[in-house]
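# Close look at the chain arrangement
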Amino acid sequence: MSSRPDFGPKPRLGYSDSRIERAAELRVDASAIEAFARGKDAGAYVIGGDWIVMKKGSPINEPLFSMSEAQALSPATEMIFLGLLDGKPRFGHGVEPQTADALKSRGELHVTDLRSIAVQGLVAPDHLPPIAEAKAVLHWHARHRFCPNCGAATALVCGGWKRDCAQCKTEHFPRTDPVVIMLTSDGERCLLGRSPRFVPTMWSCLAGFVEPGESMEDAVHRETREEAGITCGRVVYFASQPWPFPTSLMIGCHAEAVTHEIVVDREELEDARWFSKDEIGTMLMRRHPQGLTTPPPVAIAHHIIRAWVDDEVRFD
Ligand SMILES: [Zn+2]
């Protein structure tokens, strides 16, 4: 008889399930985007590097500003057309990081980083995907003001979804960096690791960037072998999550362990070890005797781990 605890309803994955219709066909129409920006229904998220500017509220903050409110805070470094929400235009209004930092002194505003906003639930959940979209694209613009091909200045076009180089005519598109994040298991146990960057009690899935010329499955095999010395067999896809820190796409997987002896790469990880389903259950419930935890529900790692404990993983 299983005495598995009831983990309650599955929480929503952060930054995902965007309600924005990106309306990519409109991006080439500069006059239409300008008309959208002048419309009374238009709204903008004000972002400076890692800082998200919000109107202070209780219990949650309001991150959406009217276009004139956003402009009054600071002229935009870049303006991104994010798309339409129920027909209403939404924009990313980029400001310099130091400008956003200076806005922290304004009593009517709350300025903080997106991780804190997501983990602490500081805005309505539907705002997280468009903020993630705007933050990632604005980050890309801030680092592509000059052409990597010839060094000339580039110009924002297509509502912020392209930069053109007038000198060498190269077109530059915003990039997304794929990362595999995987839970390797041998049936009864799963492998978790600790990065030195984690809070002291947290253990999570192993993860790493997919390299050029590498499949998702190859990356899962390589990263698990490199970081923990474990050889994986079959790999199954679970779900993905945009991760705008700065521009990643997390590709969640489950992998089947075919070896069991862990050899930790101490350059990458502080530690790695096997966990039983019972122990993971206590971590998910925040009842672990040593206070060990899994990542919060905003992160895909939480969902990957929970699916395994819930016996939802099938390799055949
Ligand atoms: Zn160029």
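What you see is a predicted model, and the numbers here were worked out from it, not measured in a lab.

### What to know about the packing of aromatic side chains
All chains considered together, the criterion is met by six aromatic pairs. A ring pair is formed by Tyr-15 and Trp-243, whose centres lie 5.7 Å apart and whose planes are at 80°; its orientation type is edge-to-face. Taken together, the positions of Tyr-15 in the segment before helix 1 (30–38) and Trp-243 in strand 13 (residues 232–243) put the pair 228 residues apart, joining distant regions of the chain. No difference in accessibility class separates Tyr-15 from Trp-243, as the two residues are buried. Ring geometry for Tyr-15 against Phe-245: centres 5.8 Å apart, planes inclined by 70°, an arrangement best described as edge-to-face. Taken together, the residues span a long stretch of sequence, with Tyr-15 in the segment before helix 1 and Phe-245 in the loop between strand 13 and strand 14 (248–257) at a distance of 230 residues. You can call Phe-245 buried: its relative accessible area is 18%.

### As for unusual backbone geometry
With an omega of 5°, the peptide bond running from Ser-58 to Pro-59 counts as cis. Its location among the elements puts Pro-59 in the loop between strand 2 (51–55) and strand 3 (64–65). Omega for the bond connecting Phe-245 with Pro-246 falls within 30 degrees of zero, at 0°, which places this linkage in the cis form. Position of Pro-246 relative to the elements: it lies in the loop between strand 13 and strand 14. Phi angles above zero are rare outside glycine, and Tyr-15 is one such case at about 65°.

### Points about the pairing of strand 7 (residues 154–157)
In regular strands, side chains alternate between the two faces of the sheet. Bridging between strand 7 and strand 8 (residues 162–165) involves four bridges; their strand directions are antiparallel. Residue pairing for strand 8: Val-157 is matched across the bridge by Lys-162.

### Examining the coordination of the zinc ion
Tetrahedral coordination by four donors sets the ideal angle at the metal to 109.5 degrees; octahedral coordination by six donors sets it to 90 or 180 degrees. Surrounding the zinc ion are the protein donor atoms Cys-147 (SG), Cys-150 (SG), Cys-165 (SG) and Cys-168 (SG), which sit 2.3 to 2.4 Å from the metal. Spacing between the donor residues of the zinc ion along their common chain follows C-x2-C-x14-C-x2-C.

### Section: the pairing of strand 14
The buried fraction of strand 14 amounts to nine of the ten residues, a majority that puts the element mostly inside the structure. Note: strand 10 (residues 177–185) against strand 14, nine bridges, orientation parallel. In the sheet register, Ser-185 faces strand 14, and the bridge partner there is Glu-256. Judged from the nine bridges that link them, strand 13 and strand 14 form a sheet pairing that is antiparallel. Across the sheet, Cys-232 pairs through a bridge with Ala-257, a residue of strand 14. The antiparallel pairing of strand 13 with strand 14 creates a hairpin that spans four residues between the two strands.

### Describing the packing of helix 7 (residues 277–284) against helix 8 (residues 300–309)
Relative to each other, helix 7 and helix 8 sit at 135°, their axes nearing to 10 Å. Taken together, the axes of helix 7 and helix 8 lie oblique to each other. In terms of crossing hand, the pair formed by helix 7 and helix 8 is left-handed. Between helix 7 and helix 8, the contacting residues are Lys-277, Ile-280 and Leu-284 on the first element and His-302, Ile-305, Arg-306, Trp-308 and Val-309 on the second. Across the contact of helix 7 with helix 8, the residue classes break down as five nonpolar, one polar and two charged.

Parameters at a glance
- Residues numbered from 1 in each chain as written.
- Predicted model: local features only at pLDDT ≥ 70, side-chain atom pairs only at ≥ 80, totals over all residues.
- Heavy atoms only, no water.
- Phe/Tyr/Trp six-rings, centres within 6.5 Å; stacked < 30°, edge-to-face > 60°.
- Helix = DSSP H or I, 4+ residues; strand = E, 2+ residues; numbered from the N terminus.
- Buried < 20%, exposed > 50% of the residue type's maximum accessible area, 1.4 Å probe, protein only.
- Pairing = 2+ DSSP bridges.
- Donors = N, O, S within 2.8 Å, 3.2 Å for Na, K, Ca; no water.
- Axes fitted to C-alpha atoms, helices over the stretch in contact; angles between N-to-C directions.
- Parallel < 35°, antiparallel > 145°, perpendicular 65-115°, else oblique.
- Left-handed = near helix turned anticlockwise from the far one by under 90°.
- Contact = heavy atoms within 4.5 Å.
- Nonpolar A, V, L, I, M, F, W, Y, C, P; charged D, E, K, R; others polar.

All we've got here are geometric facts, nothing functional implied.
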